[in-house]
Amino acid sequence: MKKTVDINNLFAKARNSEPYFSNRRFGSRVLTVIKLQEPVPFWKEVTIEMLGALIGCGLAYSFFPFNDLIASIPTKFVVGPSVLLSIAAGISCVIVIAYWAAERSRL
Amino acid sequence: MLSATDQALIERVVTTDCHDSFGILVERHQSDLRYSLRQMTGWNEALADDLAQETFIQAFKSLKNYQGTAKFSSWLYRIAYNQMVSHFRLARNREVSASEEILKTHSEQLGLSTTSEIDLHRDLAYSMKALPTKQRMAVHLHLHRELTHAEITAIMGIPLGTVKTLINRGKKTLRDHLSSWNPEDVV
């Protein structure tokens, strides 16, 4: 014959012997994550980004040879058969990659 | 500050963003919540602690919305319940197979292992896994945490009649699963 168990009694026993879990590591982990997830204030974020952009512009201006770069831009283009062929090949490659990507995402 | 009430600590966190006060709230409620989540997850300690951690982080973020109409612990259980439901929804297939695996292994071991208090807690948790999430939560809150039907209704956001039905069905299923348990064996 199947035994019946007194569920209420079983839960009462579990309740009376419930273990206590130490807070030592758990508590500090929770507080650390909360601190890490705190959003950076808007003004702080903007200031940091502006400063970074200014420093970047300064470095680029002093180190980058802008005059040489401008001088190296071609002033005239000659469109020959080989250039046309290269453009056609480039377009074909892009189309093939786009088709492959679309088919792959559908699978 | 350790003797301050939950409400006083909450006000301090909301007004001054005091992390230490929230730390005291965590210390006060973490053990109960982690135990409950172990019961909800088939004694999966890592998952239970992750859910408990997420619950406290969510609680910290939403503390401004806590109105103090219910106990802080009930409010925490509500967040934990939502966290658990969304976790199981996301990992439904994986969880189903995992719980089946646990139940299979467990039912083979049930009655054979040495009976002790920790076995009782684990066996309860394993058996609770057989219940759907809502039933599991309702049964645990009612039988273990001794909350009233009204409190469970507020935590789970479901009608009173549904809570009663969930508890009755859950108890019936648990009775079948735990038929080999003898409470007198617990040492």
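Conventions used here
- Residues numbered from 1 in each chain as written.
- Chains lettered and ligands numbered in written order.
- Predicted model: local features only at pLDDT ≥ 70, side-chain atom pairs only at ≥ 80, totals over all residues.
- Heavy atoms only, no water.
- Buried < 20%, exposed > 50% of the residue type's maximum accessible area, 1.4 Å probe, protein only.
- Helix = DSSP H or I, 4+ residues; strand = E, 2+ residues; numbered from the N terminus.
- Arc of directions from axis to C-beta.
- Contact = heavy atoms within 4.5 Å.
- Axes fitted to C-alpha atoms, helices over the stretch in contact; angles between N-to-C directions.
- Parallel < 35°, antiparallel > 145°, perpendicular 65-115°, else oblique.
- Left-handed = near helix turned anticlockwise from the far one by under 90°.
- Nonpolar A, V, L, I, M, F, W, Y, C, P; charged D, E, K, R; others polar.
- Expected span 1.5 Å × (residues − 1).
- Buried area = accessible area lost by both parts, 1.4 Å probe.
- Salt bridge = Lys/Arg side-chain N within 4 Å of Asp/Glu carboxyl O.
- Polar contact = N/O pair within 3.5 Å; in protein donor to acceptor, adjacent residues only side chain to side chain.

Undergrad: How would you explain helix H8 (residues 149-156) of chain B if you had to name every residue and give the values?
TA: Residues and elements named next belong to chain B. For H8, the complete set of buried residues consists of Ile-152, Thr-153, Ile-155 and Met-156. Along H8, the residues classed as buried sweep out an arc of 165° about the axis, all on the same side. Against the buried residues of H8 lie helix H4 (72-90), helix H7 (133-144) and helix H9 (160-177). Just downstream of H8 lies Gly-157, where phi reads positive at about 65°.

Undergrad: Give a detailed account of unusual backbone geometry, specifying residues and quantitative values.
TA: Residue and element names in this part refer to chain B. Although it is not a glycine, Trp-43 sits at a positive phi angle of roughly 60°. In this structure, Trp-43 sits in the loop between helix H2 (19-40) and helix H3 (45-62). The buried category is assigned to Trp-43, whose relative accessible area is 7%. Non-glycine residue Glu-146 carries a positive phi angle of around 55°.

Undergrad: Lay out the packing of helix H2 (residues 24-37) of chain A against H3(B) in plain terms, naming residues and giving numbers.
TA: Packing of H2(A) against H3(B) leaves a shortest axis separation of 10 Å and a crossing angle of 50°. When the axes of H2(A) and H3(B) are compared, the pair comes out oblique. H2(A) and H3(B) meet at a crossing whose hand is right-handed. Residues Phe26(A), Arg29(A), Val30(A), Val33(A), Ile34(A) and Gln37(A) of H2(A) form the contact with H3(B), whose own contacting residues are Asp49(B), Ala52(B), Gln53(B), Phe56(B), Ile57(B), Phe60(B) and Lys61(B). Here the contact of H2(A) with H3(B) is composed, by residue class, of eight nonpolar, two polar and three charged.

Undergrad: Talk me through H9(B); I want residue IDs and the actual numbers.
TA: All names here are of chain B. The end-to-end C-alpha separation of H9 is 26 Å, in line with the 26 Å expected for 18 residues at 1.5 Å each. All of the buried residues along H9 are Val-163, Leu-166, Ile-167, Gly-170, Lys-171 and Leu-174. Viewed end-on, H9 has its buried residues packed into an arc of 130°, placing them on one side of the element. Exposed residues pointing more than 90 degrees away from the buried face of H9 are listed as Asn-168, Arg-169 and Lys-172.

Undergrad: Help me get a handle on the interface of chain B and chain A, residues and values and all.
TA: In this complex, chain B contributes 41 residues to the contact, which on the side of chain A involves 28 residues. For the chain B and chain A pair, buried surface summed over both sides reaches about 3,300 Å², with 65% attributable to carbon and sulfur atoms. Connecting chain B to chain A are two salt bridges. Linking Arg145(B) and Glu18(A) is a salt bridge whose minimum nitrogen-to-oxygen distance equals 3.0 Å. Taken together, the connections running from chain B to chain A amount to 13 residue pairs in polar contact (both at pLDDT 80 or more). Of all elements in the fold, only H2, H3, helix H6 (117-128), H7 and H9 of chain B reach the threshold of two or more residues within the side of chain B that touches chain A. Sort the elements by how many residues they give to the side of chain B that touches chain A and H2(B) lands first, with 11 residues. Each residue belonging to the side of chain B that touches chain A can be placed in one class, and the counts come to 18 nonpolar, nine polar and 14 charged.

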